[in-house]
Amino acid sequence: MATDTFWATALGHMSELFNAAMALTRERAAAEDLVQETYRVALERQEQLRDLGRCRAWLFRILRNLHLDSLRRGHRQAELTVIPGGSEEAATAAIDAIDSGFVTATEPIDVRRALDRLGEEFRTAVILCDVEGFTYEEIAEIMECPIGTVRSRIARARARVAESLRGRSETGGLARKEKKP
Amino acid sequence: MIPCDRPLETLSAFVDGELGVQEELEIRRHLDGCPICARRVATLEAMKGAVARTAEIHPVPHALKESLRVPKLDGRRQGYRLAGLVAAGSVFVLVVLFAWSRLAPRASVTAQLISDHSRYAATGSPAEYATSDRERLARWFSERVGFSVSLPALADARVTGGRRCTIAGRKAALAFYERGKHRMSVFVMPAGTLPAAERERLRKEAAGEAGDCLDFSGGYRLCFSTSGDTEVVTIETRGNA
């Protein structure tokens, strides 16, 4: 693969990578560093990318791994702790306890807070699916885990977010959308 | 709530369109007769939409964009944060500089053109001025980019519109064409925008040559021509575009 073709394709994903880096780091300077480092690593390892059509997922995989390395170096193990997603029954009960109208009326800031309370592996899986639009197969490639695990994490993540939203609603902690008269 | 044995994971995967054809059909039939699962699916769909709405759009910082788009090895780069990263060790620095030195001669103008084209080919960038009239589009460009723009008539292709762009710091015209299902980008730039040395080097590296057209891996075909005081680069994604 010619370097110029690879580089042109890789640069086409810069905006998505930067937004993902912002979501992961929550800091502009850290996000810039992360994207810069992602492209440096990508350039070094470009021979490993056999199919240019998978460039986007490949770049996200590099970005996530660099972010995880950064968390480990920064001793931010708490963010890496895998929080169990709960039983199937508990997850189903959490979805049953909330209705679609309530979810639709919830402000994005509240959903984001609920996502932030998830373990990294659950949060990343559901964001890659719902925000970035990756398929389960691509997410499995990015997160280096089986597709079945991706499927489970996404379902559990949705249940945990539902549970969190309901909990905050009951304590009056949600910013609700104003209803027009 | 009446229990139902359909796993939440299956309903969640259904919402994501990740079930096989048979399983999806089976779930659809099941939903027709099971209000419990139908409600769960509605909630999961709402959850998916709510998470999607959390997306924040942050413009890419100009400095970051420029440092990656036009790699340089001079002192101007050293102030950027990458220097902090590579300062971890002198060996590491050498590796980075070597990588950039491989890239620097090849990226630049052509890389930007391919990047712009691939975005259009993949998503259909909205035209700043949409028209199928080639002459009218050329006049529209000429009034805005500071030089006379002439757009080529391409066999079996039709113009769909265009937008202004900046190539290597100079105003340029980007016209969109369609040939069947294939999208084509036609860049009209002031003469000299594409350095002769870069053009010559690319010609040598291209996988195949046909006249002034160069084929690159990835299915891109670039054709170069001149018109008056302008140079024209046509890019087409061939194969599965």
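Note that the coordinates shown come from a computational prediction; the quantities given were computed from them, not determined experimentally.

J.: Residue-level account of the overall build of chain B, with values.
T.: The helix and strand inventory of chain B stands at 9 helices and 8 strands. Every one of the 241 residues in chain B was classed for burial, and the buried ones make up 42%. Long-range pairs, those at least 24 residues apart, make up 55% of the contacts in chain B with a sequence separation of at least 6. Of the roughly 12000 Å² of accessible surface on chain B, 53% is carried by carbon and sulfur atoms.

J.: If you had to explain the nonpolar core to someone new, which residues and values would you point to?
T.: F6(A), V35(A) and Y39(A) are the most contacted members of the largest nonpolar core, which has 77 residues in total. Among the nonpolar cores identified, the runner-up in size contains 18 residues, and A8(A), I114(B), Y220(B) and I235(B) belong to it.

J.: If you had to explain the packing of aromatic side chains to someone new, which residues and values would you point to?
T.: Residue and element names in this part refer to chain A. Counted under the stated rule, the structure contains 5 aromatic pairs over all chains. Between F6 and W7, the ring centres sit 6.4 Å apart and the planes meet at 50°, which makes this aromatic pair tilted. Comparing F6 with W7, the two get one shared label, buried. Ring geometry for F60 against F134: centres 4.9 Å apart, planes inclined by 75°, an arrangement best described as edge-to-face. You can see F60 sitting in helix 4 (residues 55–73) and its partner F134 sitting in the loop between helix 9 (120–130) and helix 10 (136–143), a full 74 residues away along the chain. Through a chain of ring-to-ring contacts, the aromatic side chains of F6, W7, Y39 and W58 assemble into a single cluster. Over the face of the ring belonging to F134 we find R56, whose NZ or CZ atom lies 4.1 Å from the ring centre.

J.: So what's going on with the side chain of E132(A)? Residues and values would help.
T.: Within the fold, E132(A) resides in the loop between helix 9 and helix 10. If near-sequence neighbours (up to four positions away) are discounted, E132(A) is found in contact with A20(A), R56(A), F60(A) and I127(A).

J.: Quick rundown of the packing of helix 1 (residues 3–11) of chain A against helix 3 (residues 28–44) of chain A? Include the residues and the values.
T.: Residues and elements named next belong to chain A. Two elements in contact, helix 1 and helix 3, have axes separated by 11 Å at closest approach and are oriented at 155°. As the angle between them shows, helix 1 and helix 3 are arranged roughly antiparallel. Helix 3 is crossed by helix 1, and the crossing has right-handed handedness. For the pair formed by helix 1 and helix 3, the contact residues are T3, F6, W7, A10 and L11 on the first element and Y39, A42 and L43 on the second. For the contact of helix 1 with helix 3, the per-class residue count stands at 7 nonpolar, 1 polar and no charged.

J.: Go over the interface of chain A and chain B with me, naming the residues and quoting the values.
T.: The partner chain B presents 59 residues to the 58 residues of chain A that form the contact. Buried surface at the junction of chain A and chain B, summed over both partners, amounts to about 5400 Å²; 62% is from carbon and sulfur atoms. Looking only at chain A, the three residues that lose the most surface to chain B are D4(A), Q36(A) and R151(A), adding up to 13% of its buried area. Inspection of the chain A/chain B interface yields 13 residue pairs in polar contact (both at pLDDT 80 or more). By residue number, the principal contributor to the side of chain A that touches chain B is helix 3 of chain A, which donates 11 residues. Looking at the side of chain A that touches chain B, its residues break down into 29 nonpolar, 12 polar and 17 charged.

J.: Talk me through the confidence of the model for chain A; I want residue IDs and the actual numbers.
T.: Per-residue confidence for chain A averages 85 on the pLDDT scale, and 86% of its residues sit at or above 70. Element-level mean pLDDT values for chain A span from 55 in helix 5 (residues 77–80) of chain A up to 94 in helix 10 of chain A.

J.: I'd like a description of the packing of helix 11 (residues 147–170) of chain A against helix 3 (residues 35–52) of chain B, backed by residues and values.
T.: At their nearest, the axes of helix 11 of chain A and helix 3 of chain B sit 10 Å apart, and the two run at 85° to each other. By the criterion of interaxial angle, the relationship of helix 11 of chain A to helix 3 of chain B is roughly perpendicular. In this structure, helix 11 of chain A uses R158(A), V161(A) and A162(A) to contact helix 3 of chain B, whose residues at the interface are L44(B), M47(B) and K48(B). Its residues placed into classes, the contact of helix 11 of chain A with helix 3 of chain B shows 4 nonpolar, no polar and 2 charged.

The rules we used
- Residues numbered from 1 in each chain as written.
- Chains lettered and ligands numbered in written order.
- Predicted model: local features only at pLDDT ≥ 70, side-chain atom pairs only at ≥ 80, totals over all residues.
- Heavy atoms only, no water.
- Helix = DSSP H or I, 4+ residues; strand = E, 2+ residues; numbered from the N terminus.
- Buried < 20%, exposed > 50% of the residue type's maximum accessible area, 1.4 Å probe, protein only.
- Contact = heavy atoms within 4.5 Å.
- Areas by Shrake-Rupley, 256 points an atom, 1.4 Å probe, with all protein chains shown as cover.
- Core = buried A, V, L, I, M, F, W, Y, C linked by side-chain atoms within 4.5 Å.
- Phe/Tyr/Trp six-rings, centres within 6.5 Å; stacked < 30°, edge-to-face > 60°.
- Lys NZ or Arg CZ within 6 Å of the ring centre and 35° of its normal.
- Axes fitted to C-alpha atoms, helices over the stretch in contact; angles between N-to-C directions.
- Parallel < 35°, antiparallel > 145°, perpendicular 65-115°, else oblique.
- Left-handed = near helix turned anticlockwise from the far one by under 90°.
- Nonpolar A, V, L, I, M, F, W, Y, C, P; charged D, E, K, R; others polar.
- Buried area = accessible area lost by both parts, 1.4 Å probe.
- Polar contact = N/O pair within 3.5 Å; in protein donor to acceptor, adjacent residues only side chain to side chain.
- pLDDT = per-residue confidence, 0-100.

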